[in-house]
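Letter by letter, the chains look like this.
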Amino acid sequence: MTADAVGGVWQYALDLAAALAPHGVQTTLAVLGPSPSAAQRAEAKRVKRLTLVDTQLPLDWLCDAPEPVLAAGEAIAALARKIGADLVQLNMPTLGARARFDVPVVAVTHGCVATWWEAAFGGDLAPQYRWHRLLMHEGLHATDQVVAPSAAYAATIARHYGLSSTPHAIHNGRNPLAPMPSSAPQDFAFTAGRLWDQVKGVRTLDRAAAWLSVPFCAAGAVRGPHGETIELQHLHPLGHLSTEALARRLAARPVFVSAASFEPFGLAVLEAAHAGCPLVLSDIDTFRELWDDAALFVSPDDEAGYADAIEAILKDPVLRHRLGEAARSRAARYTPQAKAAAMAALFTDLAAKAPAKRAA
């Protein structure tokens, strides 16, 4: 399985590997991009049946041309042959574009430049990124099975890349970051994620914060990998929070808010829901699929609507309790164990085709 140590795919991969271990799956995690930190290496070491390989290969979204990505795909295929892998899971589908794999390949698409661009700007992808769309197209069509973290994003990928069948939707999963707190919830609003990323709707939330009678805190980076930045006027930026620090914030059960206009899944929302936070979410297909009847929904760019929803929850203890319990109950569906069971069934089906693929 491939991953990087920069974004959410790292946590996805570790959670999946840990939950696959009881199914008898031995996972080799090939890390591309910057090397894992000492803390990340220690985290990976605690996962049973997991071997970490720091490949030093490039990440597609940090590349300016296709050649390094194509070379990385060949290197991953060679690694799979070297270790005798029975199946390869590419969490970066571009790696499957032209590389020759001798075993079945699952491509899991957590997001891509082209679908992000469509949500962020509309219109056609800028010329300098079109090679990425081409490699995504080739990789998705070349692999044996495509998986997406939600049915909504699966439909987007099928439409955008002209797939003959819709990708298999297997929801992401997380275990609760901490036990359910017994103390009373605190009065503030909270959001978390890539604050610099314009599809996260943070500018809308920044304006909404000016309307509120309580603090609105925001965890995450304000600067992106390509120099993208956001200046916050009303949100209280907290910077990057460790897992432990994030758990402490969520244990206060603030009103958790996401104004994303594009979201393949949304792990931050799930982490908040596990903690029993009432949810105020943008009214997009992904969030409706995952959280319908367990959150309040607002149009992605309606700053007054977010402020009104937050204040309504804070002023109504019954509503706040009901939404928090509904979120926690729904979150129980989305666990690493459920994700791993679905992926293991998929692996079993594809592994049965391995002899035919090796002989091809």
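Residues numbered from 1 in each chain as written. Predicted model: local features only at pLDDT ≥ 70, side-chain atom pairs only at ≥ 80, totals over all residues. Heavy atoms only, no water.

Q: Quick question: what am I supposed to make of the pairing of strand E2 (residues 27-32) here?
A: For a regular strand, the rule is simple: side chains alternate between the two faces of the sheet. In terms of burial, E2 is largely enclosed, as six of its six residues are buried. What you see with E2 is no split at all: Thr 27, Leu 29 and Val 31 on one side and Thr 28, Ala 30 and Leu 32 on the other are buried throughout. In this structure, strand E1 (residues 2-4) lies alongside E2, joined through three bridges in parallel fashion. Bridging from a neighbouring strand, Asp 4 pairs with Leu 32 of E2. Handedness of the β-α-β unit built from E1, helix H1 (residues 9-20) and E2 comes out right-handed. (Buried < 20%, exposed > 50% of the residue type's maximum accessible area, 1.4 Å probe, protein only. Helix = DSSP H or I, 4+ residues; strand = E, 2+ residues; numbered from the N terminus. Pairing = 2+ DSSP bridges. Right-handed = clockwise from strand over helix to strand, strands pointing away.)

Q: Could you clarify how one ought to interpret the pattern of salt bridges in this entry?
A: One side chain can pair with another of opposite charge once the charged atoms of both are near each other. Summed over all chains, the structure comprises 16 salt bridges. For Asp 187, the salt bridge is made with Arg 320, and the minimal N-O distance between the two is 2.7 Å. One end of the pair, Asp 187, is in the loop between strand E7 (168-169) and strand E8 (189-192); the other, Arg 320, is in helix H12 (residues 317-331), with 133 residues separating them in the sequence. Two residues, Arg 194 and Asp 197, come together in a salt bridge whose shortest N-O distance is 3.0 Å. By relative accessible area, which is 41% here, Arg 194 ends up partly exposed. Several salt bridges converge on common partners, so that one network encompasses Asp 15, Arg 174 and Glu 271. (Salt bridge = Lys/Arg side-chain N within 4 Å of Asp/Glu carboxyl O.)

Q: Explanation requested: unusual backbone geometry in the structure shown.
A: Residues apart from glycine generally show negative phi values, whereas peptide bonds are mostly found in trans. With a phi angle near 60°, Arg 49 is a residue other than glycine that sits in the positive phi range. Here Arg 49 is to be found in the loop between helix H2 (38-45) and strand E3 (50-54). Positive phi values are uncommon outside glycine, yet Gln 56 reaches one of about 65°. Within the element layout of this structure, Gln 56 appears in the loop between E3 and helix H3 (67-83). According to the relative accessible area criterion, Gln 56 is exposed, its value standing at 54%.

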